[in-house]
Structure formats: structure tokens, C-alpha cells
Protein chains: 2
Amino acid sequence: MAVTIRDIAKEAGVSRGTVDRVLHKRKGVNEEVAKRVQAIADEMGFTPNLAGKVLARRKQPLRIGCLLPSIGNPFFDDVIAGFRQAERELSDFGVILDITQIKSFDLNAHLKEIKHLEAKHYDGVCVTTLDVQPVIDAIDRIAESGTTVVTVNTDIDSSHRLFYVGPDYYLEGKTASGLLQLCSKTQKRVLIVTGSFNMKGHQERIRGFIEGLQEHGADYVVIDTVESLDDDTIGYERTRACLEQHEDINCIYLTAAGVQGACQAVKDLGRQDSLRIFSFDDVPITRSLVKEGVITFTICQQPKRQGYDAIQKLFTHLMNQQDPIVDTITQTIIKIRENIEE
Amino acid sequence: MAVTIRDIAKEAGVSRGTVDRVLHKRKGVNEEVAKRVQAIADEMGFTPNLAGKVLARRKQPLRIGCLLPSIGNPFFDDVIAGFRQAERELSDFGVILDITQIKSFDLNAHLKEIKHLEAKHYDGVCVTTLDVQPVIDAIDRIAESGTTVVTVNTDIDSSHRLFYVGPDYYLEGKTASGLLQLCSKTQKRVLIVTGSFNMKGHQERIRGFIEGLQEHGADYVVIDTVESLDDDTIGYERTRACLEQHEDINCIYLTAAGVQGACQAVKDLGRQDSLRIFSFDDVPITRSLVKEGVITFTICQQPKRQGYDAIQKLFTHLMNQQDPIVDTITQTIIKIRENIEE
DNA sequence: GTGAAAGCGCTAACAT
DNA sequence: ATGTTAGCGCTTTCAC
């Protein structure tokens, strides 16, 4: 049977109240006594019982605020599903989630919502946001106010976020390069359609891809790299223009959204049989294009797990089951027609 | 704030004890009263609080017995890791796991250990065992004695197991066929090295593979299908014999263990560059062969998740948070050199 | 057949 | 500075 606060109290010859004070490093305890109690607790291998803790502080629910740039971006549906599952499982433990969704990557929108988060004084905060200085400053302010901050899906360069849960974008790119190498014998003539040159994740996917090809000693040439700005119309036009100009392109590497547009250009030009197309993530549009056989591989990052794990880990931390705090890098998942869901 | 037993009691004008009796369908309650209380509970949307339950029944820990044919089979290390993680997370809730490991697939060993499981009268039991009639009967006996039985990794054809957590072996095979199709242009001349014709999982992997090739309209021929009996020496000899006899084999499909032996034969004959090798699972030997570039793809099934989810779901059920009971089919994960761990 | 009370481990408010 | 107590939601025991 596990050690309880009672056991420690008896062993130390003090009351449970005192033990509680010591364990929470609250003051108002004689130093001698505190030391002795702590020593006994350590020695007996005390770990507080979660059920007991939860029940005791049930009137003050644990409030967690989330922020996602998810409006209009179906990728985040799965992250939210993960949030919701964690919330359901933790609802008996008094956890309440507030999810704020904003549209895309507008700096001011992010700053404004982060201000709101700060004002709400959450116990914990879980965000996907922009990795730029003003945002970092705003985040750090929240952290300093006593709220635990964690990042999901996209990390920010802040010493104050407790941990990150998300993919390794570089590895995703490298994995794409490995697959291309396996399924093509001839020279690879690649068109890269990226989302934005300003998005670190997109850039990392390109870097991993290129460096992977180089490590393989692959015979490749990048014909062009264009931005879709995550927009189908732009994706369509730029892809089409490139394909028309370069008859010999045999691979399209799509690092972000705009997939539907790019693939439509391929179809309109009747080139789908002479092209290997790589994309990222498993959203309705990529899924159906994979099933159609237009996209060969789509490389995924366990978005639901990201949401779920981020909240679970945050909860665990807030209940101070102090395990070592490490980032969680989700797996790089290769999906083809056969192993994509449904 | 969530509805509690107290709320119901007050609303119904009875004591908490009575409400508890009704909710547990224990007798000793006037039928009229029972009906009314139940109606009120339903109406108010009562769901019992996990923390409260756990704490109340803390003197009788929840005992779960596990059985795995894992001795000498590193695959199960991850399943066990999943068990252990779940056990750690649930230890505050009074969960205790007993893991029994046996060597391989000897019928009598399985029967003997299942007898032991029965004698222990666990609250729940989680097994990987043989899908044959004597075992099924033994399992059903446990289930009828009031213990909840679930299967992990390999299902059994028993109406009494509550749910199954594990892979879809057929889909794994199909995924392999899809990959082969993608990375080979010429006629596929395949050697199948399976574990045992008696193992349903291995057979399903073959069936999925073949049917997948057929659906693709692939140009293929299965040169031979041999058993390794999960043994490296046998795997070596039979693979070598086949390869020597058939110079034109260009693909080896390894459905089970014996991988090291088979690959050694390939190496000894200097054929690794002219062969695509597919294997299953991410164990030390497949992992190192993938990294070496000998195995191209290894197709995995989230073994750690299997162990973790099986215990978590079992726990949830035993605490009668009655969600709908469905099997959990783990994902089919493609690993290549780039995205395999480490 | 039903109510009342104790207790699981912990925290917080109150008392000394 | 320390001890005592009530109470979180639930189960169980005991009393009526």
C-alpha cells in the first residue's frame, strides 16, 4: 500500500496539517521540523495520491486556456479533437478547457488573444502561435504571472514555455526525401510548392528534404520553389505556370496548404501519371487525393495526439506529479492509399 | 458543476445510500422509489465521479492479470512498456498489474497459465493467446466467473472477451503491397518467408499482400512461400535455398520472425542490392537492418499503444464509465530508414 | 427497505 | 508554529 500523508504524520510525530505545509513548502513551520518531515517523506517514498488531490480541490476547477490559429484550417480539427478527448477524460478531475480559435497567422490577432489569455489568469495555457519577438514577450509575461505555458504543434523560442508537443518538421522533410529516393530511379526533377517562406515549419520541411537527398547522393535538381501562401488559387496558378514551363518536372513536393490548387493544375495538364506528388498531413483534401492516386505519399504528424498529450502533460504538471519535463516529439507517419483511414 | 449523488438524493428526497443502491442496481429498494431515483439520475445527467469512486474503494485494489507469449520475443517488450506506463498512471487509482510471460506458442503452456489466471480471480484479465478451441473454452470460463476479459495484439474468437486491441493484419499486408507497387516498376518476383502457416496473423499478412497486388493489377509472381517457424537458422536455410534456386527473385516478404536469418542469407549471397525486403515490426534486429539499408520497409503496429490502451480501456470499463465498447485497431505504421526511431 | 455515519487521501479553514 | 476539523464524491457498514 502506498504511503499517505497520514503515515508520514504518524512517523514524524506531527499532524497532517504540518506535513501538508512542509510538502507544499508553505511557511509557518519550524525549520527543524520541516527538514525532518521532508526527510521522512523522501525516505518513505511518498507520492501524493491524485484522486485525493483532485477531490480536495474540487471547488476550484483547473482552468486551461488554449489558442489555435485554426479557423479555416482543417488540420487543427484533429488537434482540437485531442484537446476534447483529454478534457472529457479529465472532467472528473475538475479540468475545464477554453479553446480560442483565430484565423490564420495575423500578428495582431495573436497578440490580442494572448492578452486575453493573460487577463483570464488560467492555471495553464496551451498555444500554437507565431515565433516572433512581440509574441514571445507576451507569452513570457503570462508565464511570469504564474500560469504554466506550453506550446503545441509549433514551438516558440521562449525560455518560459514549459514544454513543446509537436512534430520534428526537419525529420518530416527527410522522410519525404527517403521515400522519393525509394520510388524513383531516374533523375528527380522537383518542383517545391511551399506555404510561406516565413513559416519555420515549412522551411524545415524543405531543408530536411534537400539535405536528405544530398545524403543519399541522389541525382536531383530543384526546378523551382514557389509559395502558395496556403491558398488554392495561388497554388493552382503558380503550379500550372511552372509545369507548363518545365515539361520534365517529375516530382512535386507540397510542404503546406494549397494542395487542392496544385493538384488541380496537375490534373488539368494531364500530368498526374508522370508525377510523384508528396504532401503533408491527413486532411480531407489530401486524403481524397491520396485515395484517388494523385498524391502518392502524405506525411503526417499525429495531430490528435499532439492535442491530447499536451493537455494531459499539462494537467499532470499542474497537479505536480513532478516527472522530468521533456518535449514530446510526435511520430512522423507515412500514409499511402492503403493505410490512410477509412 | 457536475451532478453528484447528493444532488440526486436531495432531489428525490431520499438518502445517498439509497441512491447508491439504485445506481448499482442492488436490491433492497422499493421498486417505486428505485424507478423514481433512476429517472431523476438520468434526467439530471449523472455520471459518477472517478476520483470519488477510486478513493472510496481504495482498500480493495483493482487487480488485472496479463498473459503474453513474450519470452524470447522482443516484439512484446513494447507491449509490456505500454502495460507498465498504464500501471504507473493508474497506480494512484489502486490498479495493480500481474504480468505472466510464457515462452512462445505452446498450447499446454497457455492452457496452464490461463488456469492460473482463473484461480487468481482477477477483476480483469488481458491476454495474447492462441485462437483455438481449448483456449477459447478456458477463457470463456474466466469470463463467466465474473472477470472481464480482453484481448491484446491477437484476437480470439470468443463471444466472451469484451474487446480487442491490436492491429489489422490484413491491412498490414495490403499496405506492404501498396509500397511494393510504388517502388518497383518491373515484374515482382516474390519470395514469401512466413512464420507459421498456423498463425492467423501471418496468414492474414500474406492474404492482404496478395489481394493488394491483385487489386493493383500488379505484374507479380510468388516464387515460393516458406516457413521460418520464427527461427533464424531455419529462416536462413530456407531463404538461402530459395534464392540459390531462383536467381530472379527481386522481393522478399517477411511476415514474421526469423528476419535475421533470412537477411543473412541475402547478404551471404551478395543479393541485397537487387532485392526489396519487407518486414514487420520495429524490434532491434529489424531496426538495425532498416538502418543498414537491407530492409527497405518495416510495417509496424503500435505495440506500446496496444498495451497502454488495453489497460486503460479495461480500467475505464471496470470503473463502469460505460462508454460504448468497441475494438481498438491500432494504426499501420510504415517505417523506413528516415523515420525509424533513434 | 431506508437512513445515517465513517472513511478513502488530500487541502483549506479554523483553533490553539 | 502546530493541531484539529470539515469536506470533496463515493462506497460500505451499521443501525433503525
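Residues numbered from 1 in each chain as written. Chains lettered and ligands numbered in written order. Predicted model: local features only at pLDDT ≥ 70, side-chain atom pairs only at ≥ 80, totals over all residues. Heavy atoms only, no water.

Visitor: Looking at this model, I keep getting lost on the overall build of chain A. Mind explaining?
Guide: Counting its secondary structure elements, chain A contains 13 helices and twelve strands. A principal-axis box enclosing the C-alpha atoms of chain A has dimensions of 85 × 40 × 35 Å. Looking at chain A as a whole, 51% of its 342 residues are labelled buried. In chain A, the proportion of contacts linking residues at least 24 apart, taken out of those at least 6 apart, comes to 71%. Of the roughly 15500 Å² of accessible surface on chain A, a fraction of 48% belongs to carbon and sulfur atoms. When the 41 basic and 49 acidic side-chain charges of chain A are each reduced to a single mean position, those positions are 7 Å apart. (Helix = DSSP H or I, 4+ residues; strand = E, 2+ residues; numbered from the N terminus. Buried < 20%, exposed > 50% of the residue type's maximum accessible area, 1.4 Å probe, protein only. Contact = heavy atoms within 4.5 Å. Areas by Shrake-Rupley, 256 points an atom, 1.4 Å probe, with all protein chains shown as cover. Lys, Arg positive; Asp, Glu negative; His and termini not counted. Charge placed at Lys NZ, Arg CZ, Asp CG, Glu CD.)

Visitor: I'm lost on the relation of the copies chain B and chain A in this one. Help?
Guide: In summary, the two copies of the chain are related to each other by a rotation about an axis coupled with a shift along it. When chain B is fitted to chain A, the residual RMSD is 0.1 Å, and the transformation amounts to a turn of 180 degrees plus an axial shift of 0.0 Å. Both chain copies can therefore be described as sitting about a two-fold axis. (Least-squares fit on C-alpha atoms with pLDDT ≥ 70 in both.)

Visitor: Help me understand the protein's contact with DNA strand D, please; the structure alone is not making it clear to me.
Guide: Taken together, 29 residues surround DNA strand D, and among them A:Ser15, A:Arg21, A:Asn30, B:Ile5 and B:Asp20 come closest. Each atom of DNA strand D within 4 Å of the protein was classed as base or backbone; sugar and phosphate made up 63%. A distance of 3.0 Å separates a phosphate oxygen of DNA strand D from a polar atom in the side chain of B:His24. At a separation of 3.1 Å, a base nitrogen of DNA strand D approaches a polar backbone atom of B:Gly52. Among the elements of the structure, helix H2 (16-23) and helix H4 (50-56) of chain A together with helix H1 (5-12), helix H2 (16-23) and helix H4 (50-56) of chain B are those that each provide at least two residues to the surface near DNA strand D. Class assignment for the residues of the surface near DNA strand D results in ten nonpolar, eleven polar and eight charged. (Near = heavy atom within 4 Å. Polar contact = N/O pair within 3.5 Å; in protein donor to acceptor, adjacent residues only side chain to side chain. Nonpolar A, V, L, I, M, F, W, Y, C, P; charged D, E, K, R; others polar.)

Visitor: Help me understand the UniProt feature "domain: HTH lacI-type" (unreviewed entry) in chain A in this model?
Guide: UniProt records the feature "domain: HTH lacI-type" (unreviewed entry) for residues 3-57 of chain A in the present numbering. Secondary structure across residues 3-57 of chain A comprises 67% helix and 0% strand; the distance between its end C-alpha atoms is 20 Å. (UniProt positions renumbered as here; feature names shortened; annotations may be inferred.)

Visitor: Is there a simple way to explain the protein's contact with DNA strand C in this structure?
Guide: Every one of the 26 residues lining DNA strand C counts as a neighbour, but A:Ile5, A:Asp20, B:Thr18, B:Arg21 and B:Asn30 are closest to it. In DNA strand C, atoms within 4 Å of the protein come 68% from sugar and phosphate. A:His24 places a side-chain nitrogen or oxygen 3.0 Å from a phosphate oxygen of DNA strand C. At 3.0 Å, a backbone N or O of B:Leu55 approaches a base oxygen of DNA strand C. If you list the elements that add at least two residues to the surface near DNA strand C, you get helix H1 (5-12), H2 and H4 of chain A together with H2 and H4 of chain B. Ranked by residue count, the leading element in the surface near DNA strand C is H4(A), at four residues. Among the residues making up the surface near DNA strand C, the classes are represented as ten nonpolar, nine polar and seven charged.

Visitor: Teacher, can you tell me more about the pattern of salt bridges here?
Guide: Two side chains bearing opposite charge may form a pair once their charged atoms approach each other closely. All names here are of chain A. Under the counting rule described, the total for this entry stands at 33 salt bridges over all chains. Close ionic contact of Asp327 with Arg161 constitutes a salt bridge, the shortest N to O distance being 3.4 Å. On the criterion of sequence distance, the pair formed by Asp327 in the loop between helix H13 (303-318) and strand E11 (328-329) and Arg161 in strand E5 (residues 161-166) is long-range, its members being 166 residues apart. With a shortest N-O distance of 2.5 Å, Asp248 and Arg189 are connected by a salt bridge. Remark: Arg189 occurs in strand E6 (residues 188-194) and Asp248 occurs in the loop between helix H10 (232-245) and strand E8 (251-254); sequence separation between them is 59 residues. Exposure remark for Asp248: the relative accessible area of 32% places this residue in the partly exposed category. In this structure, a network of salt bridges that share partners links the residues Asp282, Arg287, Lys335 and Glu341. (Salt bridge = Lys/Arg side-chain N within 4 Å of Asp/Glu carboxyl O.)

Visitor: Even after reading the chapter, I still don't get the sheet that holds strand E2 (residues 95-103) of chain A, so can you show me in this structure?
Guide: Backbone hydrogen bonds hold the strands of a sheet together, and the pairing may be parallel or antiparallel. Residue and element names in this part refer to chain A. Pairing within the open sheet is parallel, and its six strands lie in the order E2-E1-E3-E4-E5-E11. In this open sheet, the two strands that pair with only one neighbour each are E2 and E11. Of the strand pairs in this sheet, E5 and E11 are connected by two bridges, and their pairing is parallel. Each residue of the ladder has a partner; that of Gly166, found in E11, is Ile329. (Pairing = 2+ DSSP bridges.)

Visitor: In this structure, what is going on with the interface of chain B and chain A? I would like to understand it.
Guide: How big an interface is tends to be expressed through the accessible area that disappears when the partners come together. Counting residues at the interface gives 38 residues for chain B and 38 residues for chain A. Carbon and sulfur atoms supply 58% of the area buried between chain B and chain A, which totals about 3100 Å² over both sides. The largest contributions to the chain B side of the interface with chain A come from B:Asp92, B:Leu182 and B:Glu338, which together make up 19% of the buried area. Along the contact surface separating chain B from chain A lie ten residue pairs in polar contact (both at pLDDT 80 or more). Elements represented by at least two residues in the side of chain B that touches chain A include exactly H4, helix H8 (169-183) and strand E12 (333-335) of chain B. Here the side of chain B that touches chain A gets seven residues from one element, more than from any other, and that element is H8(B). When grouped by side-chain class, the residues that make up the side of chain B that touches chain A number 16 nonpolar, eleven polar and eleven charged. (Buried area = accessible area lost by both parts, 1.4 Å probe.)

Visitor: Help me understand the packing of helix H5 (residues 75-90) of chain B against helix H13 (residues 303-318) of chain B, please; the structure alone is not making it clear to me.
Guide: A pair of packed helices is captured by two measures, namely the crossing angle of their axes and the spacing between those axes. Residue and element names in this part refer to chain B. Contact geometry for H5 and H13: axes closest at 6 Å, N-to-C directions at 35 degrees. In the crossing of H5 with H13, the sense of the turn from one axis to the other is right-handed. Where H5 approaches H13, its residues Phe75, Asp78, Val79, Ala81, Gly82, Phe83, Gln85, Ala86, Glu89 and Leu90 are matched on the opposing element by Pro303, Lys304, Gln306, Gly307, Tyr308, Ile311, Gln312 and Phe315. (Axes fitted to C-alpha atoms, helices over the stretch in contact; angles between N-to-C directions. Left-handed = near helix turned anticlockwise from the far one by under 90°.)

Visitor: Whenever I open this one, the pairing of strand E2 (residues 95-103) of chain B confuses me. Can you help?
Guide: Strand residues, when the strand is regular, have side chains that alternate between the two faces of the sheet. Residue and element names in this part refer to chain B. The pairing of strand E1 (residues 62-71) with E2 spans eight bridges and is parallel. Bridging from a neighbouring strand, Ile71 pairs with Lys103 of E2. This β-α-β element, E1 to H5 to E2, shows right-handed connectivity. (Right-handed = clockwise from strand over helix to strand, strands pointing away.)

Visitor: What's the story with the sheet that holds E2(B) in this structure? I'm lost.
Guide: Residue and element names in this part refer to chain B. The sheet built from six strands is open, its strands ordered E2-E1-E3-E4-E5-E11 with parallel pairing. In the strand order of this sheet, the two ends are held by E2 and strand E11 (328-329), each with one partner. Against the sheet, helix H6 (residues 107-120) touches E1, E2 and strand E3 (124-127), its axis set at about 170 degrees to E1.

Visitor: Explain the domain arrangement of chain A to me, please; I cannot follow it from the model alone.
Guide: Domain assignment breaks chain A into domain 1 (5-47), domain 2 (61-165 + 303-331) and domain 3 (169-300). Its C-alpha centre places domain 1 of chain A at a distance of 60 Å from the equivalent point of domain 3 of chain A. (Domains from an automatic or database assignment.)

Visitor: What exactly am I supposed to notice about the state of the cysteines here?
Guide: Covalent bonding between the sulfur atoms of two cysteines is what defines a disulfide. All names here are of chain B. Inspection of the entire model under this criterion finds zero disulfides over all chains. Free cysteine: Cys126, not disulfide-bonded; nearest cysteine sulfur from Cys66 at 4.9 Å. Under the relative-accessibility criterion, Cys126 is labelled buried at 0%. Unpaired in this structure, Cys300 has its nearest cysteine sulfur neighbour in Cys263, at a distance of 14 Å. (Disulfide = S-S within 2.5 Å.)

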